[in-house]
Every structure is written in C-alpha cells, then in structure tokens.
Amino acid sequence: LTWPILLLRELDFSPALTLGVPLFNNGNGVPTKVAALWVVRTAVTQGVGFLWIDWLFRTFRREPRGQFQRHVLVPLAISFILTSCVAYYQAFVDLSFLSSRVWLEVHRAVGALMDGNAFGILAAYWITAFVVLGMQKHPPTSKIIAALLVLLAIGALLLAGSTGALLMAGFPLVFVFWATCKGTLKASKRTVLTWSLGSLCALVGLVWGIASTSNV
C-alpha cells in the first residue's frame, strides 16, 4: 500500500518536473525514471505473489494434500531443480553463463534468476520444503530422493553466496518443529531432529567441498 509514496519520493514528489529530466537523486546513482520503474516492478511482483498464495489457500483448502503436492509443489520443485543446475554449471564450468558483471565481480552463482540474492532466498526455503517432504510417509526411494534434493538446495544456497539467505535457512525448520509439537505436521520429534541435524551436517560438508573446488 505504500508503493505510491515510494514512487513519488523517487520522483521528488514532482513527477511533472522530474520524469522528463535525467536526474540522479539517490545514493546509488540510478536515474530517477529507472528508480521509479523499479518501485512499480517490485510492488507488482510482490502483489501478484501474495494474490497467488491467497488463491492457493482458497483452492486447496479442502483438497487432499496430494493434490497440492501434485499440482503446485512438484512443478515448482522441478523449476527450482532446473535453475539450480544452471547455478552448478556457473560455479564449476562458466561463471559468466546467464549472469552479469555485478555477480561476476563478487564470484556468486545466480542460477536462471540472474540475481544471487533472490536465488539464495529461493534455495533457503526449498531446503525446508524438501525436508518436510522427506519426513512424510513415503516409500524409502522417495525419502532418498528428498535427501538428495536437500543436498542440492543446500549446495545452491552456498553457491548463491547470500549471507542473509544463509541466516534465514534455519528459521523455517524452527516452525517445522513447532508444527510437529502441535500435531499439525504428522511426524515425530525424532524424525524432525534427524532431518534437521542431517541438513546441518550436509551444510558444513558442502561449505568445505564447494570452497575447495568451485569458482565461487
């Protein structure tokens, strides 16, 4: 709701005067028109995301969990796996592939998102998603696949090089443990601790492995 105020601030609250003039009224040296468009783009992106999440709650509220996993989680997981493959290619083969000079200078993989921060946050949240999927009552093969996907997501998080995303990676697991204690998530505390500690050990191991073999 505050984006119109931010938009006017970037235009110095005088759009009739500043839109047609190449001004630089911010600390980053970004042209006024570009900064204003960035505010609108960010507001639209986040607004559409919130509307989509609201639609998911409305559509799948009374549906079986399997329907949500089949029609929402699986396609999203596939897209994340694909962009993670791009990040691994960037880190171990060609860092300039689908990237820009900004990320090349700081030696960070960006996946197909072309933004290391956004890619890092995405990987951080998928770690918890794959952990939760692995804790469900599935055949052993599915649990092995979930464990491998956890490793994939942890590696992608490290390749992104986002400190904020790294700090945020553990917070969702706290809510998973809380949901288990409340009975909302059907899994034992032992299972949650096993998957969480396993993810932590994998994180430590991948930090050492990636630091010694990759380009980032």
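As a reminder, the structure under discussion sits directly above these lines.
Criteria and cut-off values
- Starting from 1, residues in each chain are numbered consecutively following that chain's sequence as written.
- Side-chain atom pairs in this predicted model are given and counted only at pLDDT of 80 or more, local residue features only at pLDDT of at least 70, and totals for whole chains, interfaces and linings cover all residues.
- Where side-chain values are given, they derive from all heavy atoms of the structure, hydrogens and water being excluded.
- For this analysis, a nonpolar core means a set of buried residues of the types Ala, Val, Leu, Ile, Met, Phe, Trp, Tyr and Cys, connected via side-chain atoms within 4.5 Å.
- Exposure classes here rest on a 1.4 Å probe applied to the protein chains alone. A residue is buried below 20% of its type maximum, exposed above 50%, and partly exposed in between.
- Helix and strand definitions here come from DSSP, where helices need a minimum of 4 consecutive H or I residues and strands a minimum of 2 consecutive E residues; each element is numbered from the N-terminal end.
- For every element, the axis is a line fit to its C-alpha atoms; helices are fit only across the contacting stretch, and the angle between N-to-C directions ranges from 0 to 180 degrees.
- An angle counts as roughly parallel when it lies under 35 degrees, as roughly antiparallel when it exceeds 145, as roughly perpendicular when it falls between 65 and 115, and as oblique in every other case.
- Take the far helix as the reference: if the near one is turned anticlockwise from it by less than a right angle, the crossing is left-handed, and if turned clockwise, right-handed.
- Any two residues having at least one pair of non-hydrogen atoms within 4.5 Å are treated as being in contact.
- Polar here means any residue other than Ala, Val, Leu, Ile, Met, Phe, Trp, Tyr, Cys and Pro, which are nonpolar, and Asp, Glu, Lys and Arg, which are charged; Gly is therefore polar.
- Each residue after the first adds 1.5 Å to the expected span of a helix.

1. Overview of the nonpolar core
Part 1: Counting residues in hydrophobic clusters, the biggest one holds 27 residues, and the most contacted among them are Phe80, Phe119, Ile127, Phe130, Val150 and Leu157.
Part 2: Looking at this core, the elements with two or more residues in it are helix H4 (65–92), helix H6 (116–135), helix H7 (140–160) and helix H9 (171–182).
Part 3: For this core, the element with the most residues is H7, which contributes 10 residues.

2. Examining the packing of H6 against H7
Part 1: Running from amino to carboxyl end, H6 crosses H7 at an angle of 160 degrees, the nearest separation of the two axes being 8 Å. The angle between H6 and H7 falls in the class roughly antiparallel. Both H6 and H7 take part in a crossing whose hand is left-handed. Seen from H6, the contacting residues are Gly116, Phe119, Gly120, Ala123, Ala124, Trp126, Ile127, Phe130, Val131, Gly134 and Met135; seen from H7, they are Lys143, Ala146, Leu149, Val150, Ala153, Ile154, Ala156, Leu157 and Ala160.
Part 2: Tallied by class, residues from the contact of H6 with H7 come to 16 nonpolar, 3 polar and 1 charged.

3. Here we look at helix H3 (residues 32–60)
Part 1: Spanning 29 residues, H3 covers 42 Å between terminal C-alpha atoms, matching the ideal 42 Å at 1.5 Å per step.
Part 2: Here H3 has its buried residues at Thr32, Ala35, Ala36, Val39, Leu56 and Phe60.

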